[in-house]
Each structure stands twice: as structure tokens, then as C-alpha cells.
Amino acid sequence: MANKKRIELIDIAKAITIFLVIAGHTTGNLDTPMYRRVLYSFHMPLFFFLAGLSIKAKEVKGKQWLTFLKKNILALLVPYLIWALIYGPFSFDNIFKILYGSWERLSEVGTLTSLWYLSCFFLAKVLTQIAVNISFRFSKDKHNYIMFIITILFMIIGFVMPHPNKGLPFGLDIAFVASGFILLGIIFHRYILIFAQQKTSILLISFVLSLAIFMCTSVMRGDNLDLSLMCAGRYGNIFYFLVNSIFGSLTVITLSTIICRISRESSMPFSVDIITYIGEHTMGIFILH
């Protein structure tokens with residue numbers, strides 16, 4: 001039962017997030033209405049954080065790396081190549097740009113620029129696994145502490161690494177930042193589950209507070225709120241980017257927890273199967289979108 005609740009919580013959050021991603025894309029890549037700047041201030045970090053919540057940290061050794069790489073190549077890079085080639089005019093120069101894997105190169109090809117997420121996610125998962133392997137060299141009670149230190153290091157590297165006009169292969173600098181959010185998801189997995197068991201009143205208060213702080217650091221800033229394009233390594237004010245990422249994510253997660261709780265314990269219980277189905281298939285929905 002606890003496992004089912006955990007899956008529902010994460011999947012509801014993923015369903016909300018994929019809706020936010022699609023809503024953010026409806027006005028094109030460079031238009032900057034307020035709602036789009038608000039969405040882009042946190043929705044990609046949330047996606048990576050939720051990916052971390054879904055990962056069970058374990059060490060990968062020797063030949064297990066081949067299995068790990070094969071699994072992620074099939075899940076991420078194969079769809080990336082197929083869709084990039086379908087939507088991009090064929091030429092050897094374009095193939096090189098697609099294999100380069102950055103958002104900027106995909107823009108030059110004229111293919112689906114949103115595919116940057118797949119190539120970057122692949123690299124981020126490799127970096128995440130390296131971090132997990134390092135943490136497993138220490139005692140079990142220190143795993144999270146070591147991963148948190150690596151998280152800070154990865155984010156610093158990602159923020160300070162130069163981002164050339166063509167981007168870096170597979171969005172290397174962005175992958176470091178993304179890996180940091182994935183690691184945070186792994187670290188806080190247990191605490192999120194504990195939080196989900198709190199009283200509904202506490203969940204509601206947490207939702208209101210998270211939303212209020214997020215609104216103050218995003219909407220209330222008005223024209224000072226930059227459009228954060230994680231795909232291009234453009235974060236605007238890094239402090240506000242991190243604050244918005246944290247409290248925007250907390251808002252969605254607490255909302256998901258409340259929906260999950262009400263669906264089961266209200267006077268009129270209802271099914272969340274449709275929502276969780278969407279959450280379970282966000283990658284497919286992303287590709288079709």
C-alpha cells in the first residue's frame with residue numbers, strides 16, 4: 001500500500017509537470033509572456049528532481065555499466081535520433097549537428113529543439129550514476145551526505161562552465177546542473193515519503209507557504225523575472241533560479257500529495273488512474289508533443 005501511494009504521488013507530480021512543459025511550449029521558444037517566464041523558472045528542474053525520486057540508488061560495477069548504458073541508450077538516445085532525423089532535413093552536416101546533441105545545434109538543423117532534453121538527460125543520468133558510485137565507497141549512513149556534496153559541486157561546475165554559441169556536446173554544462181537536481185531527488189526520496197504521511201492540514205499549510213514564496217520570487221518580481229532557458233544554459237539570476245526551482249517544485253509535490261490524499265480519504269473518494277497513467281508515460285507524451 002505504501003509503495004502504491006509512493007508511485008501515485010510521483011506520477012501525479014509527473015503528470016502536472018508534463019502539462020506545465022507543454023503549456024510552456026505553446027507560445028514558441030523565445031516569446032516571454034509572464035506565465036511562460038513563471039513556468040520556465042522551475043518546470044525543468046522539477047522534471048529532473050522527479051526523475052531522481054524515481055531512481056533507486058545502487059552501485060553499478062564492471063559489466064553492469066554496459067547494461068546501464070544500453071538501457072539508457074535505448075530509452076533516450078534512440079528516440080532522440082529517430083525523431084531528430086524524421087523532423088530534420090537530411091544532410092551529412094545535419095547528422096553531425098544532431099549527434100552533437102545541443103539545443104543550439106538542433107535549432108540549426110530545424111528539427112525538434114525540445115529533443116535536447118533526451119540527450120542531456122542521458123548524460124545527466126551517467127553523471128548521477130558516477131556520483132552514486134562515489135557515495136557507495138563510504139558507509140551507508142554517509143551516502144546522502146556525500147551525494148549532497150557532489151550535488152553542490154556539480155551545480156557549481158554547471159553554472160560556471162562556459163556555454164559557447166553552439167552549446168556543448170549533449171549539453172554537458174546543463175547536464176551537470178540537471179544531475180544535481182536528480183541527485184536531490186534521490187537524497188530527499190525518503191523524506192518526501194515521510195512528508196506525504198503528514199496530516200492534511202499540514203500538507204495544505206505547506207502548499208500555501210510554498211506557493212506564496214514561489215509567487216513572491218517569480219510573479220511579484222514582474223519584469224525583473226528573467227526567462228530561464230535551461231536548454232541554452234541561461235538561468236538568469238542564479239539565486240532566484242534555485243529558489244524558484246525549490247519552491248516551485250515543493251508547490252507541485254505538495255499539491256500532488258494533497259490530490260493523492262483527498263482521492264483516498266475524502267467523503268467522496270475518486271480515482272486518479274487517468275492522472276497516474278499520464279505520469280507513468282510522460283516520456284511518451286513528451287515525444288509525441
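Structure's up top.
Calculation criteria
Residues numbered from 1 in each chain as written. Predicted model: local features only at pLDDT ≥ 70, side-chain atom pairs only at ≥ 80, totals over all residues. Heavy atoms only, no water. Helix = DSSP H or I, 4+ residues; strand = E, 2+ residues; numbered from the N terminus. Rg over C-alpha atoms; globule rule 2.2 N^0.38 Å. Contact = heavy atoms within 4.5 Å. Lys, Arg positive; Asp, Glu negative; His and termini not counted. Charge placed at Lys NZ, Arg CZ, Asp CG, Glu CD. Patch = residues over 30% accessible without salt bridge, like charges linked within 9 Å, V, L, I, M, F, W, Y side chains within 5 Å. Areas by Shrake-Rupley, 256 points an atom, 1.4 Å probe, with all protein chains shown as cover. Salt bridge = Lys/Arg side-chain N within 4 Å of Asp/Glu carboxyl O. Buried < 20%, exposed > 50% of the residue type's maximum accessible area, 1.4 Å probe, protein only. Phe/Tyr/Trp six-rings, centres within 6.5 Å; stacked < 30°, edge-to-face > 60°. Lys NZ or Arg CZ within 6 Å of the ring centre and 35° of its normal. Core = buried A, V, L, I, M, F, W, Y, C linked by side-chain atoms within 4.5 Å. 1 Å grid on protein atoms, 1.4 Å probe; cavity = no way out; pocket = protein on both sides within 12 Å on 5 of 7 lines; lining within 4 Å. Points joined across faces, edges and corners; volume = space filled by probe spheres on them. Nonpolar A, V, L, I, M, F, W, Y, C, P; charged D, E, K, R; others polar. Expected span 1.5 Å × (residues − 1).

## As for the overall build of the protein chain
Secondary structure summary: the protein chain contains 14 helices and zero strands in total. Going residue by residue from the N terminus, the α and β elements of the protein chain occur as α-α-α-α-α-α-α-α-α-α-α-α-α-α. Whereas a compact globule of 289 residues would reach a radius of gyration of roughly 19 Å, the protein chain reaches 19 Å, a difference of no more than 12%. Each of the three principal axes of the protein chain carries a C-alpha extent, and together these read 60 × 50 × 35 Å. Once local pairs closer than 6 in sequence are excluded, the contacts in the protein chain between residues at least 24 apart make up 76%. Seen as two clouds, the 25 positive and the 14 negative side-chain charges of the protein chain have centres 9 Å apart.

## A short note on a nonpolar patch on the surface
A cluster of nonpolar residues, Ile73, Leu74, Val78, Ile82, Ile86 and Tyr87, forms a patch on the protein surface that exposes about 540 Å² of accessible area. Among the structural elements, Tyr87 can be located in helix H4 (residues 64–87). Overall, Tyr87 belongs to the partly exposed group, its relative accessible area being 46%.

## A short note on the pattern of salt bridges
Scanning the model with the defined rule gives six salt bridges in all. Between Glu59 and Lys61 there is a salt bridge, with its nearest N and O atoms 3.9 Å apart. Accessibility expressed as a relative area gives 27% for Glu59, which makes it partly exposed. Between Lys166 and Glu108 there is a salt bridge, with its nearest N and O atoms 2.6 Å apart. Placement of Lys166 in the loop between helix H8 (143–160) and helix H9 (172–187) and of Glu108 in helix H6 (residues 103–109) is noted, with a sequence separation of 58 residues between them. Connected via shared salt-bridge partners are Asp93, Lys97, Arg105, Glu108 and Lys166.

## Section: the packing of aromatic side chains
Per the stated rule, a full pass over the model turns up 18 aromatic pairs. An angle of 40 degrees between the planes, with centres 5.5 Å apart, marks the rings of Phe48 and Tyr117 as tilted. Placement of Phe48 in helix H3 (residues 43–53) and of Tyr117 in helix H7 (residues 116–135) is noted, with a sequence separation of 69 residues between them. Using a relative accessible area of 4% as the deciding quantity, one classes Tyr117 as buried. Here the aromatic residues Phe47, Phe48, Trp116, Tyr117 and Phe121 are joined through ring pairs into a cluster of three or more. The ring of Tyr100 has Arg105 sitting right over it, with the charged end atom 5.2 Å from the ring centre. Positioned above the aromatic ring of Tyr191 is the side chain of Arg190, whose terminal nitrogen or guanidinium carbon lies 5.7 Å from the ring centre.

## Points about the nonpolar core
Counting 79 residues, the largest nonpolar core has Phe48, Trp116, Tyr117, Leu118, Phe181, Leu183 and Met230 as the members making the most contacts within it. With twelve residues, the single largest contributor to this core is H7. Apart from the residues within four sequence positions on either side, Phe48 is in contact with Tyr117, Phe121, Ala178, Phe181, Ile182 and Met230.

## Side note on the layout of surface pockets
Reported here for the largest pocket is a volume of approximately 820 Å³. Ser54, Ile55, Lys71, Asn72 and Lys125 are the residues nearest the centre of the largest pocket, which is lined by 30 residues in total. Those elements giving two or more residues to the lining of the largest pocket turn out to be H3, H4, H7, helix H13 (273–280) and helix H14 (282–288). Per-element accounting of the lining of the largest pocket gives the leading share, seven residues, to H4. Residues belonging to the lining of the largest pocket are distributed by class as follows: 14 nonpolar, nine polar and seven charged.

## Let's talk about H7
Taking 1.5 Å of rise per residue, the 20 residues of H7 would be expected to cover 28 Å, and the 28 Å separating its terminal C-alpha atoms lies within 8% of that figure. Of all 20 residues in H7, 17 are buried; the element is thus mostly enclosed.

## A short note on empty space enclosed by the protein
A water-sized probe rolled over the atoms picks out the places where empty space is left. Considering all chains together, one arrives at six cavities of 30 Å³ or more under this definition. Lining the largest cavity are 18 residues; nearest its centre among them are His25, Tyr40, Met44, Trp116 and Cys231. At the level of secondary structure, the elements contributing two or more residues to the lining of the largest cavity comprise helix H1 (2–25), helix H2 (34–40), H3 and H7. Among the elements that take part in the lining of the largest cavity, H3 stands out by supplying three residues, more than any other. Residue composition of the lining of the largest cavity, by class: eleven nonpolar, six polar and one charged.

Note that every value here comes from positions in space, so none of it alone points to a role or purpose.
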